[in-house]
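Descriptive structure summary
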Amino acid sequence: MTISLPGVLLGSQQPRVRNSPAYRFTSGPDAVAIYETTGMRLDQWQKFSLDDHCAENPDGSWVTIESAEEVGRQNGKGEIINALILLHLFVLGTRTVIYSAHEFKTAKETYVKISSLIKNTPALDAKVSHYYNSNENTSIELKNGQRLRFLTRSKDGGRGFTGDVIIFDEAFNITQSALSAILPTLSSKPNPHIYFFSSAGKASHESDVLRELKARGEKGDDSLVWRSFSADPEADTDDRQALAQANPGLGLRITERFVAVERKNMTEAEFRRERLGIWEEAGGAGSVISAESWAACLDSEAIMPDGKRVFGIAVSPDREWSSVGVAGVRPDGSSYVELVKHGEGTDWLLPFLVHLDDTQKPECFVVDQAGPAATMLAGFIASGLAVRVTDTTAYKAACAQFVDAVKYQKIVHRGQQPLTDAAFGVKEHRVGDSWVYARRDSGVIVAPLEAVTLAVWALTPEPAKKEFFMMNLNDFV
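Structural notes, computed from the coordinates. No experiment lies behind these values; they were computed from the predicted model shown.

Before going further, it helps to spend a moment on the packing of helix α3 (residues 77–90) against helix α4 (residues 104–119). Two elements in contact, α3 and α4, have axes separated by 11 Å at closest approach and are oriented at 55°. It follows from the interaxial angle that α3 and α4 lie oblique. Classified by chirality, the crossing of α4 by α3 is right-handed. Judged by residue contacts, N82, I85, L86 and F90 of α3 engage T110, K113, I114, L117 and I118 from α4.

Structure below.
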């Protein structure tokens, strides 16, 4: 329940959605106690959270192997994570704890925070053998051999490490491949535990893992703890009670005054996800392609037409994903588009393109010269690929051309998920009086859409050089 004080609205200390199997025993108070030996203090909601996440059976096994907390940024979920780490290292004697973040900087920040807490608490610091802080090894090792490792997620991140406990931070961005790489490290452990912490999810497939946890939690799955601090999805964006329901740190760590600044500077969709905990919807506010238009272009039986074909190449700004798309002209004049490959990283890209060039004999490959893939242009050209590039003007035209083609059903696609995610979520980035796809701020990986957009643009032959002459009225007499 939300508590009101004169002039101050305090956040709810209980989540709007709470699924927690019944329990009699919990290590939650032990987590609070060890954390507070460092001189830190926890809010009431954080203590409730630790009770649920640390629920135990009479034999000491965890009531659930999986537990998840969904709460907005800056509310204090990081302190819950720190308390859990200290509990496992210094109270429960857990052999290996793995902390996993999507971004390297988040993993480093958490390492700095937890190592500072330990170093500034002599009784805990005395039990540490080594603090390792390098790009290759970020970890803390105790004298008895216990370890805390900090990993970033990737297709192979986590392979080679065995752990008893995994803490997934930024869980709105866990791909199935990353989860598949890390989860087997727990398979042989007698009492494993997996914790998920996150703000609300996105429309893209990066949030599929969190989306499944949410669905299970809301259905009352008794094998999972699910706690969600969020407003009702139908709530008005400016409803103060909805704000309090979604932010347990309101009035304690977050002020309404600062929230007002966020409201003015964020899009409504961003504000609802980040501050109200309302999930981003496919084709939601701000998307330049409507879900209805994209659905109208779907033909799951369509195939690549004979004749001219062009491949587009795109890379995400963080270089974690690369996409290759193809386009061809159908007999009715519409453009068939297909996502040929969408894979993690960039190392596979050049060999794959060379293979396509040998086997498909495309008209050309297309890259935006101002995009992330442009750094690989020299390698493409050196390998003998016929490459066509877009400048800013051409890229703006390509984006507008594709969106118009979707609107008027001049595009045909087969409903591939990464491409559909990009089409539903892509937003515009203003460039003067025009716009291009927002690669960084769309909330989805835009590369699949960019790849097919470039391919469609290049189906049109390069404009021939034209000569222009001044003429006068006498020329027409």
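Picking up where we left off.
The mixed open sheet is built from nine strands, whose spatial order is β3-β13-β6-β12-β11-β7-β10-β9-β8. The open sheet is flanked by β3 (17–19) and β8 (128–133), the only strands paired with a single partner. Taken pair by pair, the neighbouring strands of this sheet meet at an average axis angle of 10°, ignoring direction. Pairing geometry for strand β7 (residues 96–101) and strand β10 (residues 147–152), over six bridges, is parallel. Its bridge partner lying in β10, A101 is registered against T152.

Core analysis: the largest hydrophobic core is formed by 38 residues, its most contacted members being I114 and I167. Examining the composition of this core, we find that nine residues originate from one element, α3, more than from any other. When residues no more than four places from it in sequence are discounted, the contact partners of I114 are N82, I85, L86, I140, L148 and F150. One finds I289, C399, A405 and L459 within the second-largest nonpolar core, a separate group that totals 36 residues.

Glancing now at helix α14 (residues 392–407). Compared with the 22 Å implied by 1.5 Å per residue over 16 residues, the 23 Å span of α14 between its first and last C-alpha is a close match. The N-capping residue of α14, defined by a side-chain oxygen 3.3 Å from the backbone nitrogen of T393, is D391. At the exit of α14 stands Q409, carrying a positive phi of roughly 55°.

The subject of this paragraph is the pattern of salt bridges. As a working rule, side chains carrying opposite charge can pair if their charged atoms are close by. If you walk through the whole model with that rule in mind, you get 20 salt bridges. Here K77 and D169 are joined by a salt bridge, their closest N and O atoms 2.7 Å apart. In this pair, K77 sits in helix α3 while D169 sits in the loop between β11 (165–168) and α6 (176–182), placing the two residues 92 residues apart along the sequence. Neither residue differs from the other here; K77 and D169 are each classed as buried. With a shortest N-O distance of 2.8 Å, R439 and E450 are connected by a salt bridge. You can see R439 sitting in the loop between β21 (434–437) and α16 (447–458) and its partner E450 sitting in helix α16, a full eleven residues away along the chain. The two residues R439 and E450 agree in class, both being buried. One continuous salt-bridge network, built from bridges that share partners, spans R18, D52, E69 and R227.

Conventions and cut-offs
Residues numbered from 1 in each chain as written. Predicted model: local features only at pLDDT ≥ 70, side-chain atom pairs only at ≥ 80, totals over all residues. Heavy atoms only, no water. Axes fitted to C-alpha atoms, helices over the stretch in contact; angles between N-to-C directions. Helix = DSSP H or I, 4+ residues; strand = E, 2+ residues; numbered from the N terminus. Parallel < 35°, antiparallel > 145°, perpendicular 65-115°, else oblique. Left-handed = near helix turned anticlockwise from the far one by under 90°. Contact = heavy atoms within 4.5 Å. Pairing = 2+ DSSP bridges. Core = buried A, V, L, I, M, F, W, Y, C linked by side-chain atoms within 4.5 Å. Buried < 20%, exposed > 50% of the residue type's maximum accessible area, 1.4 Å probe, protein only. Expected span 1.5 Å × (residues − 1). Polar contact = N/O pair within 3.5 Å; in protein donor to acceptor, adjacent residues only side chain to side chain. Salt bridge = Lys/Arg side-chain N within 4 Å of Asp/Glu carboxyl O.

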